[in-house]
Structures are given as C-alpha cells and as structure tokens.
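# Tertiary structure, described
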Amino acid sequence: MLQVLVCGVVVFPGLFFTFRKVLPSIFKRWTDADVVLVSERLVSSIHAVMATTVGIIVVSSCKDNVIMDRHWLTTYFVIWYGVPYMSYDIFAMYLSHYYRFKVKGHKDYKHHSLRTINSFVWKEFLLVLHHIALLTILLPVTLFFRKDQGDYFIGCLFLTELSTPFVSLGKILIQLGLQDCWLHKFNGGMVLLSFFMCRIALFPYMYWAYSSHYGIPLYSVPFHLPLATNVGSVCILAPQVYWFVLLCRKGYRLYKRQRDAQNQSSPLSSPDISKAD
C-alpha cells in the first residue's frame with residue numbers, strides 16, 4: 001500500500017517541478033509568479049482528467065445498484081492519487097500566492113516565513129478549508145464509514161473535477177494575453193455550464209438517485225440519511241455555490257466591459273439631414 005501511495009506523491013510534485021523547469025525556456029518573459037501559476041493549473045487539469053475518467057468508469061459500472069455495486073477504482077484512486085493531490089495542491093497554491101506577492105515587491109515576501117504562510121491561509125481560507133475538508137471528510141468516509149457501500153456516489157464526487165480543466169484553461173489564456181479571443185469566450189461558457197452541472201446540480205441528483213433506489217420521495221431523503229452525510233454534503237456544496245456566484249459576476253463584468261468597448265468603438269450616428277437647409 002505504501003508503494004502505491006508513493007505513486008501519487010511523486011507524480012503531482014514531479015509534474016509541477018517539471019513544468020517549472022520547462023516553461024521558462026519557452027516563455028522567457030514570464031516571471032516566477034507566471035510560471036508557478038501556469039504549472040499549478042496544468043497539474044490541476046491533469047488530476048481533473050484522471051478523476052473525471054475514474055468517475056465515469058465507476059458511475060457507469062455501478063449504475064444498476066447505486067448502493068451495493070462496487071468498483072475497485074473507488075477506494076484506490078482516493079488513496080493513490082486523491083489524498084496526495086490534495087496535499088500537494090495546498091503546497092502549490094501557497095507557492096503561487098508567495099511568488100505573486102514577491103513579484104509585486106511586498107517586503108514580507110523576500111523569504112518564506114510563518115508570516116507568508118499565515119497570509120496565504122487567510123487570503124485563500126475557503127480554498128484551504130475545502131482541501132482540508134476533503135482530506136478529513138472524504139478520505140475517512142471512503143475508507144471506513146461507508147461499510148463498502150455507495151461507490152456510485154463516490155464516483156459522482158469524482159465528476160466534480162470536470163470543470164477544473166476549463167477553469168485552468170481560462171487562467172492560462174489570460175496569462176498568454178488571449179482573453180479577447182473567441183476561445184476564451186467559449187471556455188467561459190463551458191466553465192459556467194460544467195461548474196453548475198458537476199458541482200451544484202450533481203448534489204440534488206445524487207439525492208434523487210438515492211430516492212429512486214429506495215422508492216421514497218425526494219424530500220424525505222435527508223431524513224433517511226445519517227446527519228453526518230447531510231452535513232458533509234452541505235459543507236462541500238456551500239463553497240461551490242459561492243464560487244459559482246463569483247464566476248457569474250466575473251462573467252457578467254467581462255461581458256459588460258466588452259459590450260461597452262464595442263459601443264465606444266462603433267461609428268457615430270449619421271446626422272439628421274432632414275433638418276439641413
């Protein structure tokens with residue numbers, strides 16, 4: 001088991017540091033902050049593709065009996081790659097935060113310190129809390145408290161990562177100065193669609209799947225589930241709703257800014273010649 005765990009521990013940091021070495025030779029004008037940001041997003045996308053693929057396999061294999069059907073990837077992916085990735089990603093997010101402020105010349109960011117770590121935790125509190133919650137909730141539930149049931153629903157949770165490559169691509173396009181191209185606009189729509197479907201609508205769908213399996217009304221499902229399950233669902237769903245609202249606001253601001261720019265660049269209306277002498 002330790003040998004398997006090492007695989008995930010090596011893969012994600014290894015990819016991250018490989019990208020950090022390769023990208024500066026391609027984009028010579030990028031700062032350390034640019035390189036770390038893009039490296040982090042590329043690794044996140046790779047993990048998301050892996051998690052989504054595993055989720056599709058598990059969900060399609062366990063759809064006949066959403067409670068009792070099993071698939072070996074469910075537990076093993078969490079142990080091999082889920083836990084190592086979440087642990088690595090906290091570190092990668094800290095590095096991105098650190099170099100972003102270091103490039104800006106903040107005096108506290110000349111060296112790594114407890115002050116820079118504390119600043120990161122408070123500025124990215126929700127993201128850090130999200131990662132810690134997954135490590136402290138998803139892992140124990142997957143390994144110990146499920147009683148070998150519900151692989152289907154764990155597979156559904158893997159599918160929440162489907163939106164991550166689109167989010168990452170948006171940041172990378174901005175980094176490349178392509179925020180005005182059609183690909184960025186199309187990707188923005190895919191971000192909103194995939195985020196809503198796989199991170200918000202997915203939760204009521206899982207409750208519906210449970211109600212269909214037992215033949216009970218949807219509204220009664222929370223009363224059939226343990227309190228810890230409902231609380232865990234709310235804890236995972238709440239930040240997703242918050243982030244989705246932020247994405248919608250950002251998308252609206254971008255749309256409004258582009259519309260205003262088009263209006264300003266459009267030619268003036270022709271004068272009313274009927275009033276001419």
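Because the structure is a prediction, the values reported are computed rather than measured.

### Topic: the side chain of H47
Here H47 lies in helix α2 (residues 32–61). Once residues lying within four places of it in the same chain are set aside, the contact partners of H47 are F12, F77, Y81, Y85 and E161.

### A closer look at the UniProt feature "transmembrane region" (unreviewed entry) in the protein
Per the UniProt record, "transmembrane region" (unreviewed entry) is found at residues 78–99, 120–146, 152–174, 186–207 and 227–248. When the span residues 186–207 is considered, its composition is 91% helix and 0% strand, and the gap between its end C-alpha atoms is 31 Å. When the span residues 227–248 is considered, its composition is 100% helix and 0% strand, and the gap between its end C-alpha atoms is 31 Å.

### Thoughts on the packing of helix α7 (residues 164–175) against helix α8 (residues 182–199)
Between α7 and α8, the least distance of the axes is 8 Å, while the angle of their chain directions is 155°. Comparing their axes, α8 and α7 come out roughly antiparallel. The element α7 and its partner α8 pack so that their crossing is left-handed. Contact residues: α7 offers T164, F166, V167, L169, G170, L173 and I174, while α8 offers L183, H184, N187, M190, V191, S194 and R199. Partitioning the contact of α7 with α8 into residue classes produces 8 nonpolar, 5 polar and 1 charged.

### Quick word on the packing of aromatic side chains
Counting across every chain of the model gives 23 aromatic pairs. Note on F16 and Y88: the rings are 5.8 Å apart at their centroids and 65° apart in plane angle, and the pair reads as edge-to-face. Of this pair, F16 sits in helix α1 (residues 2–26) while Y88 sits in helix α3 (residues 72–103); the two residues are 72 residues apart in sequence, bridging distant segments of the chain. Judged by relative accessible area, F16 falls into the buried class, the value being 0%. Residues Y94 and F120 carry aromatic rings whose centres are separated by 5.7 Å and whose planes lie at 75° to one another, so their mutual orientation is edge-to-face.

### So, α8
For α8, which comprises 18 residues, the first-to-last C-alpha distance of 25 Å matches the rise-based estimate of 26 Å (1.5 Å per residue) to within 8%. Along α8, the residues classified as buried are H184, N187, V191, S194, F195, C198 and R199. An end-on view of α8 places all buried positions within 100° of arc, on one side of the element.

### Digging into a nonpolar patch on the surface
The grouping of V141, L143, F144 and F145 at the surface amounts to a nonpolar patch, some 410 Å² of accessible area in total. With respect to the element layout, L143 can be found in helix α5 (residues 125–145).

### Brief notes about helix α6 (residues 151–158)
Within α6, 8 of the 8 residues are buried, which leaves it mostly tucked inside the rest of the structure. Here α6 has its buried residues at D151, Y152, F153, I154, G155, C156, L157 and F158.

### Describing unusual backbone geometry
Across residues other than glycine, the phi torsion is negative in most instances, and most of the peptide bonds are trans. Even without being glycine, K147 reaches a positive phi, approximately 55°. Located in the positive-phi region is D148, a residue other than glycine, with phi close to 60°.

### Quick notes on the confidence of the model for the protein
Low pLDDT marks stretches whose predicted atomic positions should not be read closely. Across the protein, the average pLDDT comes to 88, with 93% of residues at 70 or higher. Within the model, pLDDT remains below 50 along residues 268–277, and this stretch shows 0 contacts once partners closer than five positions in the same chain are excluded.

About the thresholds
Residues numbered from 1 in each chain as written. Predicted model: local features only at pLDDT ≥ 70, side-chain atom pairs only at ≥ 80, totals over all residues. Heavy atoms only, no water. Helix = DSSP H or I, 4+ residues; strand = E, 2+ residues; numbered from the N terminus. Contact = heavy atoms within 4.5 Å. UniProt positions renumbered as here; feature names shortened; annotations may be inferred. Axes fitted to C-alpha atoms, helices over the stretch in contact; angles between N-to-C directions. Parallel < 35°, antiparallel > 145°, perpendicular 65-115°, else oblique. Left-handed = near helix turned anticlockwise from the far one by under 90°. Nonpolar A, V, L, I, M, F, W, Y, C, P; charged D, E, K, R; others polar. Phe/Tyr/Trp six-rings, centres within 6.5 Å; stacked < 30°, edge-to-face > 60°. Buried < 20%, exposed > 50% of the residue type's maximum accessible area, 1.4 Å probe, protein only. Expected span 1.5 Å × (residues − 1). Arc of directions from axis to C-beta. Patch = residues over 30% accessible without salt bridge, like charges linked within 9 Å, V, L, I, M, F, W, Y side chains within 5 Å. Areas by Shrake-Rupley, 256 points an atom, 1.4 Å probe, with all protein chains shown as cover. Salt bridge = Lys/Arg side-chain N within 4 Å of Asp/Glu carboxyl O. pLDDT = per-residue confidence, 0-100.

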